[in-house]
Amino acid sequence: GQNIDQPTEMTATEGAIVQINCTYQTSGFNGLFWYQQHAGEAPTFLSYNVLDGLEEKGRFSSFLSRSKGYSYLLLKELQMKDSASYLCAVRDKGDYKLSFGAGTTVTVRA
Amino acid sequence: GAVVSQHPSWVICKSGTSVKIECRSLDFQATTMFWYRQFPKQSLMLMATSNEGSKATYEQGVEKDKFLINHASLTLSTLTVTSAHPEDSSFYICSARGMRETQYFGPGTRLLVL
């Protein structure tokens, strides 16, 4: 099984940087995903890490350390539209199923 | 690319009726689709894995006779909630496995059973 932990809520100011941590304990690992979900909508794909290190994509970056069972999502130059829930998900080996964390609600204030 | 659609987006039905939800991958073929359920302020919970041409694999605690899944083609999977009850009211989301094994989600279907 998978046990995935991430903070429940975070608040930051427009233009600032926020880092959302995710720790996981898994029986199998084949990649870690970050999704953004606005209220009442389905999740949208943000990033995918399967090897250790940092993946940068515009204002969003994601980091993975497999030995530590740890990932973070970094949001830079925060905008009001970044207010959403951010879901960390771990993919199991073999069956490609995703297990989701409970999500981190990020509120961006002016 | 990697667009997934769901239909309908909203359903309100009476208790005891059955509801069918369609999930389509619009610009790619998906041999595997997944069905999730999400209750308010909770994360996504995987209900079942739908494989084209074979029986779906259900997660523990999900009744396969209540949630019927059919994956008839490489671009279409359907979820039928049979004899729906108020406790089945939820946000149902499908995803399709695409490039780099990434899952792309449909827009979701909100079901309200009265």
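Quick caveat, the model's predicted, so the values are computed rather than measured. (Residues numbered from 1 in each chain as written. Chains lettered and ligands numbered in written order. Predicted model: local features only at pLDDT ≥ 70, side-chain atom pairs only at ≥ 80, totals over all residues. Heavy atoms only, no water.)

Draft legend 1. Highlighting the pairing of strand β7 (residues 67–73) of chain B. All names here are of chain B. Across 5 bridges, the pairing between β7 and strand β8 (residues 76–81) is antiparallel. Bridge pairing in β8 places Ile69 opposite Leu79. Counting the residues in the hairpin turn of β7 and β8 gives 2 residues. (Pairing = 2+ DSSP bridges. Helix = DSSP H or I, 4+ residues; strand = E, 2+ residues; numbered from the N terminus.)

Draft legend 2. Broad picture of the sheet that holds strand β7 (residues 60–65) of chain A. Residues and elements named next belong to chain A. With respect to topology, 5 strands assemble into an open sheet ordered β1-β3-β8-β7-β6, the strand pairing being antiparallel. Each of the sheet's edge strands pairs with one partner strand only, and the pair in question is β1 (2–5) and β6 (53–57). For this sheet the average axis-to-axis angle between neighbouring strands, irrespective of direction, equals 15 degrees. (Axes fitted to C-alpha atoms, helices over the stretch in contact; angles between N-to-C directions.)

Draft legend 3. Region of the structure containing the layout of surface pockets. Considering only enclosed or pocket space, the largest pocket measures out at about 550 Å³ in volume. Taken together, 24 residues form the lining of the largest pocket, with Ser85 of chain A together with Gln38, Pro40, Lys41 and Gln42 of chain B sitting closest to its centre. When residues of the lining of the largest pocket are assigned to their parent elements, the largest contribution, 3 residues, is made by strand β9 (residues 84–91) of chain A. When its residues are assigned to classes, the lining of the largest pocket shows 8 nonpolar, 12 polar and 4 charged. Estimates place the volume of the second largest pocket at around 390 Å³. (1 Å grid on protein atoms, 1.4 Å probe; cavity = no way out; pocket = protein on both sides within 12 Å on 5 of 7 lines; lining within 4 Å. Points joined across faces, edges and corners; volume = space filled by probe spheres on them. Nonpolar A, V, L, I, M, F, W, Y, C, P; charged D, E, K, R; others polar.)

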